[in-house]
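Summary of the model geometry
Listed below are the residues making up each chain.
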Amino acid sequence: MSREIRFNAFAMNCVGHQSPGLWRHPRDRSAEYRHLHHWLELARTLERGRFDGIFLADVLGVYDVYGGTPDAALRSAAQVPANDPLLLVPAMAAVTEHLGFGVTSTLTYEPPFPFARRMSTLDHLTGGRVGWNIVTGYLASAARAAGGEKLIAHDDRYDIADEYMELVYRLWEESWDADAVRCDRQAGIFTDPAKVRPIRHEGAHFRLDAIHLSEPSPQRTPVLYQAGSSPRGRAFAGRHAECVFVSGPSTAVIGPRVAAIREAVRAAGRDPAAVRIFSMMTVILGATDAEAAAKLAEYRSHVSHEGALALMSGWTGVDFSRLSLDDEVRHVENDAGRTAMDNITRADPDRVWTVREVAEHVGIGGIGPVVTGGPETVANAIEAWVDSTGVDGLNLCYAVMPETFEEIADLLVPELTRRGRYKRAYTTGSLREKLFGEGPRLALPHPAARTRPVTA
Ligand SMILES: Cc1cc2nc3c(=O)[nH]c(=O)nc-3n(C[C@H](O)[C@H](O)[C@H](O)COP(=O)(O)O)c2cc1C
């Protein structure tokens, strides 16, 4: 039987997320990101489309690699201005019942103790619907904003992340016994002190001696997402990730990457089939193929090529303003993200990219593919993509906000549902239960469950 296809919506608390320049489109409302009504409407739309979740990206720096200044990013609203993603979550949770919230937080710049509490708070307020996209940051501007001089070396960031994870797992999973909170009015005991234990950690990068401040939340550890696909990134995902986000322009790039991630999960002693992998895609829908093609052409007239190259320069750490539009992109290794550079160089040896092609491609939906057509055409393309790459679902970008998501919910979801490839209804329970069907908490052999006392 064909596997069910899962949808995540990919957004960011900013104007131009993966489609720089499209904020100029007359129907685009992404400039309203500062207002709650914008997010509440989006959350309702996504729940109508039975999306598993909304994945909120975040970067703590500005895209200033292009030309050595933030000017191009600022002009084109390429992920700047950008507000905090976590603060949107309780409001969206209040108007939905099932939608999950995958929020990005850069652990390099977030001390583990307050971060662990913030995530526990969200897990409480959402009734166990929160996930964390674990990122280490690829922008030198973020490193400078945090007081550093340059990016921490690529693989070292993941080493620090491994230690960070051990620490936050212990705060979430180990500090409080499941029955520590008694709320016993008669005895005058809210929490039984014998059932709360301090976490003491002394490692290469972090020291801590504290009890977790939040009482146990439904999932304890939020659902763990990860999105780095370099060899070191895959090793990290193999150990920690429950869901992995990948992005690339073609099945030729994504298929082998998915296999490599599942192999890393197997090498870490976990079940590779149990990890949910989502690849990035943008779909442009119309009532007919012709209508959708016309819509795409019209969208393209609003793309900011400068904004696209500002994004690509930030992702790869390479200043594309120094190249001419007809130059071929050559592989460079540095401390920015490795996969973004691989996507347009060696990930598909049969495909050579010029700078112009990168600017045009990235202008709608970043480095992911753009699939255009009526509902049947798009559903065919999605089925073929999912079946040939082995992903579990898609991380869907918008071109025009919220039009792209409304059309997915109203045109595409019914078509995939009719084909038996999309859920007819949400199941109950936490985000983890919805994704994996078991309990709300992480189970062995995941490392979060490994050190947990039986009482916690
Ligand atoms: C779909 C997707 C979404 C991502 N979202 C973010 C994000 O919101 N914030 C961030 O700092 N990095 C984000 N990243 C970047 C990754 O976390 C990672 O830094 C990058 O892929 C480079 O890692 P690598 O060198 O191991 O491949 C994302 C990557 C992908 C593929």
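Values in this document were obtained by computation on a predicted structure and should not be read as measured data.

**Description of the overall build of the protein chain**
Along the backbone of the protein chain there are 16 helices and 13 strands. Taking 2.2 N^0.38 as the reference for a compact globule, 456 residues should give roughly 23 Å; the C-alpha atoms of the protein chain span a radius of gyration of 22 Å, in line with that estimate. Its C-alpha atoms give the protein chain principal-axis dimensions of about 70 × 50 × 40 Å. Each of the 456 residues in the protein chain was classed as buried or not, and the buried ones make up 59%. Long-range contacts, defined here as pairs at least 24 residues apart, represent 78% of the contacts in the protein chain between residues at least 6 apart. Entry remark: accessible area of the protein chain is about 17800 Å², with carbon and sulfur atoms responsible for 52%. In the protein chain, 50 side chains carry a positive charge and 58 a negative one; their mean positions are 3 Å apart.

**Side note on the UniProt feature "binding site: FMN" (unreviewed entry) in the protein chain**
Under the feature "binding site: FMN" (unreviewed entry), the UniProt entry names D58, T104, H154, Y158, S229 and S230. Mapped onto the fold, Y158 is located in helix 6 (residues 154-173). Owing to a relative accessible area of 9%, Y158 belongs among the buried residues under this scheme. Residues in contact with Y158, not counting those within four places in the same chain, are T136, Q226, G228, S230, R232, G233 and F236. Once you skip the residues sitting within four places of it in the chain, S230 turns out to touch H154, Y158, R338 and T339.

**Side note on the environment of Y422**
Here Y422 is to be found in the loop between helix 14 (403-418) and helix 15 (431-436). Overall, Y422 belongs to the buried group, its relative accessible area being 4%. When the C-alpha atoms of Y422 and R48 are compared, they prove to be 13 Å apart, with 374 residues separating the residues in sequence. Beyond its immediate sequence surroundings of up to four residues, Y422 is in contact with E4, I5, F7, G49, R50, F51, V413, L416 and T417.

**Considering the pairing of strand 7 (residues 199-202)**
The alternating pattern of strand 7 places I199 and H201 on a buried face, while none of R200 and E202, on the opposite face, is buried. What sits between the antiparallel neighbours strand 7 and strand 8 (residues 207-210) is a turn of four residues.

**So, unusual backbone geometry**
Omega for the bond connecting V80 with P81 falls within 30 degrees of zero, at 0°, which places this linkage in the cis form. Relative to the assigned elements, P81 resides in the loop between helix 2 (71-76) and helix 3 (89-94). One non-glycine residue, A77, adopts positive backbone phi at about 55°. Mapped onto the fold, A77 is located in the loop between helix 2 and helix 3. Phi angles above zero are rare outside glycine, and Q79 is one such case at about 60°. For Q79, a relative accessible area of 4% corresponds to the buried category.

**As for the pattern of salt bridges**
All told, the structure shown has 38 salt bridges when counted by the stated rule. Note that R419 and E383 form a salt bridge whose closest N and O atoms lie 2.8 Å from each other. One end of the pair, R419, is in the loop between helix 14 and helix 15; the other, E383, is in helix 13 (residues 375-389), and 36 residues separate them in sequence. When its relative accessible area of 25% is taken as the criterion, R419 is described as partly exposed. The class for E383 is buried, based on a relative accessible area of 17%.

**Quick notes on the site of the ligand**
The local shell around the ligand holds 22 residues, among which D58, H154, Y158, S230 and T339 are the closest. Within the side chain of Y158, an N or O atom sits 2.6 Å from an oxygen atom of the ligand. R338 places a main-chain nitrogen or oxygen 2.8 Å from an oxygen atom of the ligand. Secondary-structure elements contributing two or more residues to the shell around the ligand are strand 2 (53-57), strand 4 (130-135), helix 6 and helix 11 (338-343). The residue makeup of the shell around the ligand, split by class, is nine nonpolar, 11 polar and two charged.

**A look at the side chain of H240**
With respect to the helices and strands, the residue H240 is situated in helix 7 (residues 231-240). Apart from residues lying up to four places away in sequence, H240 is in contact with D162, M165, E166, Y169, L224, R270, H446 and P447.

**So, the packing of aromatic side chains**
Aromatic ring pairs: the centre-centre distance and the angle between the two ring planes describe each pair. Within this structure, the stated rule accounts for 16 aromatic pairs. Between the aromatic rings of Y158 and F236, the centroid separation amounts to 5.7 Å while the plane-to-plane angle is 45°, which identifies the pairing as tilted. Note that Y158 is positioned in helix 6 and F236 in helix 7, a separation of 78 residues in sequence. Judged on exposure class, the residue Y158 and its partner F236 are both buried. Aromatic rings pair up to connect F7, F51, Y398, F405 and Y422 into one cluster. If you follow R351 out to its NZ or CZ, it ends over the ring of W353, 3.8 Å from the centre.

Calculation criteria
Residues numbered from 1 in each chain as written. Predicted model: local features only at pLDDT ≥ 70, side-chain atom pairs only at ≥ 80, totals over all residues. Heavy atoms only, no water. Helix = DSSP H or I, 4+ residues; strand = E, 2+ residues; numbered from the N terminus. Rg over C-alpha atoms; globule rule 2.2 N^0.38 Å. Buried < 20%, exposed > 50% of the residue type's maximum accessible area, 1.4 Å probe, protein only. Contact = heavy atoms within 4.5 Å. Areas by Shrake-Rupley, 256 points an atom, 1.4 Å probe, with all protein chains shown as cover. Lys, Arg positive; Asp, Glu negative; His and termini not counted. Charge placed at Lys NZ, Arg CZ, Asp CG, Glu CD. UniProt positions renumbered as here; feature names shortened; annotations may be inferred. Pairing = 2+ DSSP bridges. Salt bridge = Lys/Arg side-chain N within 4 Å of Asp/Glu carboxyl O. Near = heavy atom within 4 Å. Polar contact = N/O pair within 3.5 Å; in protein donor to acceptor, adjacent residues only side chain to side chain. Nonpolar A, V, L, I, M, F, W, Y, C, P; charged D, E, K, R; others polar. Phe/Tyr/Trp six-rings, centres within 6.5 Å; stacked < 30°, edge-to-face > 60°. Lys NZ or Arg CZ within 6 Å of the ring centre and 35° of its normal.

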